[in-house]
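Summary of the model geometry
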Amino acid sequence: MSRIDYSVWDHIEVSDDEDDTHPNIDTPSLFRWRHQARVDRMDDFKKKGADLEKALAESKRKLADAQKRTRELANSATDDAKAELSKAQAEEKKLKKEERECEKRLDEHMREEKKMPWNVDTLSKEGFSKSVVNVKPDPSEETEEERETKHKTFVEKYEKEIKHFGMLRRWDDSQKYLSDKPHLVCEETANYLVIMCIDLEVEEKHALMEQVAHQTIVMQFILELSKSLKVDPRGCFRQFFAKIKTADQQYQDAFNDELDAFKERVRGRAKIRIEKAMKEYEEEERQKRIGPGGLDPVEVYETLPAEMQKCFDDKDIQMLQDAISKMDPTEAKAHMKRCIDSGLWVPNSRTGEGDCKEEDGTYEEVKHEEVKHEEEVEENKKE
C-alpha cells in the first residue's frame, strides 16, 4: 500500500476555532478580524489566478491569429507576401515565448495554491465519490460561506460521535461503530480528528493525543483504500479492518510508521501554535504597558543606568535626585524624558507646561527637590 500523503495537513489554519486567547481579549471580535483578513487574502489570490488565466487565454488568441497570418502569407506567391512573411514568423516566435511565460506563471501560482494552509473555509471537502440519492445536482458552485456552513454543520451534528470514535481502541469496536454510523467515514471526520489531536497536544494531554492519532490514521487508511479501489469509502471500510486484523508484519509496520510520522507532525504543529500564542500574549501585554509617549517601561528600564534602575526598584526619590546630580544634564534630561514617555515617572502637575517642556520640567523638579534638601541640611548645620 502506498504511503499516505500528509502534505495537506502540514499547515492547517484553525484560528476561527481556537479558544486559547487571553481572557482580556474580545475573542469573537478577534476571530472575525482574523477570518476577514484571511478571506481578503484568499480573494486577492483568486483574483491573481483569474488574471493569469485571462492573460494566458489572450496570449493563445494572439498566437492563433499570428499562426493563421503566417500560413496565409506562406501560401501567397506575391512579392509583398514574401516580404511580410519573415515579419510574421518573427511575431509568431515572440508570441510563443509569451505563451510559455504565461503558462509558467500560472503553473507557479497553482503550486503556490497547493502549499497554502487549510482553514475553516477550505477544510471541508466532498465526503463521498458517488451519489447515494438519485437527485439532480445543483449546477451552481458552493460559495465560501456555504462550504463553511457545511463543515460547521457536520461538526455540530456529529462532533460527539467523532470524539467517541477517536477514543476507541480495539479494531472490532471501531468496525462495529462505523457499521452503525457509516456517515462518519468521510474527509470531515479525518480532518476533525487531526485538529482534535493538535488541541490535545497543546493541552499537554499526550496519551489522549496518541490514542486519537491512532484513529486518525485508521480513518485515513480507509480513505486511501477507497481512492485506490475507486469506491465509496463507506463501502470499503470493512475490507480495511479485515486486512489489518490479519495483516502480515510488513503491512502492520507500514501502518505504525504512518502513525509515528503523524504524531511527530502533530507535536510540531502544536509547538508552533503555542509559540504563536505566547508571542501574541507577550505583544498584548507590551501594548498594555505602553506609556503616554508610546514607549514600553520595561524596555526603557533596561536601558537606564544601574543607579537609576536601583532608584526605581527602591522607589527612592532622594536616591534618584542623587543619581541625577551626578549625571551630565543632557543625558539626565534624555533619560527622564524616556521615563515620562514610558510612564516610569509621572511628573508633578505643576510642571505641566506642555509636551515640549515636560522633560525639562521633570528634570528641574528633581533638581529643585535636591537643592531644597541641601539648603535644609545647611540650615541644620548652622543651628
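This section reports on the structure supplied with the text.

Another point: helix α4 (residues 171-180). What α4 keeps buried is the set Ser174, Gln175, Tyr177 and Leu178. For α4, the angular spread of the buried residues around the axis is 165 degrees, confining them to a single face.

Checked against the element boundaries, Glu92 lands in helix α2 (residues 79-115). Residues within four places of Glu92 in sequence aside, it is in contact with Leu63, Ala66, Gln67 and Thr70.

To characterise two packed helices, one gives the angle between the axes of the helices and the distance between these axes. For the pair helix α6 (residues 206-229) and helix α8 (residues 249-289), the least separation of the axes is 9 Å and the interaxial angle reads 125 degrees. Judged by the inter-axis angle, α6 sits oblique to α8. Crossing hand, α6 versus α8: right-handed. Contact residues: α6 offers Met209, Glu210, Ala213, His214, Thr216, Ile217, Val218 and Phe221, while α8 offers Tyr251, Ala254, Phe255, Glu258, Leu259, Phe262, Lys263, Val266 and Arg267. In the contact of α6 with α8, the residues fall into eleven nonpolar, two polar and four charged.

Mapped onto the elements of the fold, Tyr192 is located in helix α5 (residues 187-202). A C-alpha to C-alpha distance of 9.8 Å links Tyr192 and His151, two positions 41 residues apart in sequence. When residues no more than four places from it in sequence are discounted, the contact partners of Tyr192 are Val155, Glu159, Ile162 and Lys163.

Calculation rules
- Residues numbered from 1 in each chain as written.
- Predicted model: local features only at pLDDT ≥ 70, side-chain atom pairs only at ≥ 80, totals over all residues.
- Heavy atoms only, no water.
- Buried < 20%, exposed > 50% of the residue type's maximum accessible area, 1.4 Å probe, protein only.
- Helix = DSSP H or I, 4+ residues; strand = E, 2+ residues; numbered from the N terminus.
- Arc of directions from axis to C-beta.
- Contact = heavy atoms within 4.5 Å.
- Axes fitted to C-alpha atoms, helices over the stretch in contact; angles between N-to-C directions.
- Parallel < 35°, antiparallel > 145°, perpendicular 65-115°, else oblique.
- Left-handed = near helix turned anticlockwise from the far one by under 90°.
- Nonpolar A, V, L, I, M, F, W, Y, C, P; charged D, E, K, R; others polar.

Remember that the coordinates give geometry; whether it matters functionally is a separate question.
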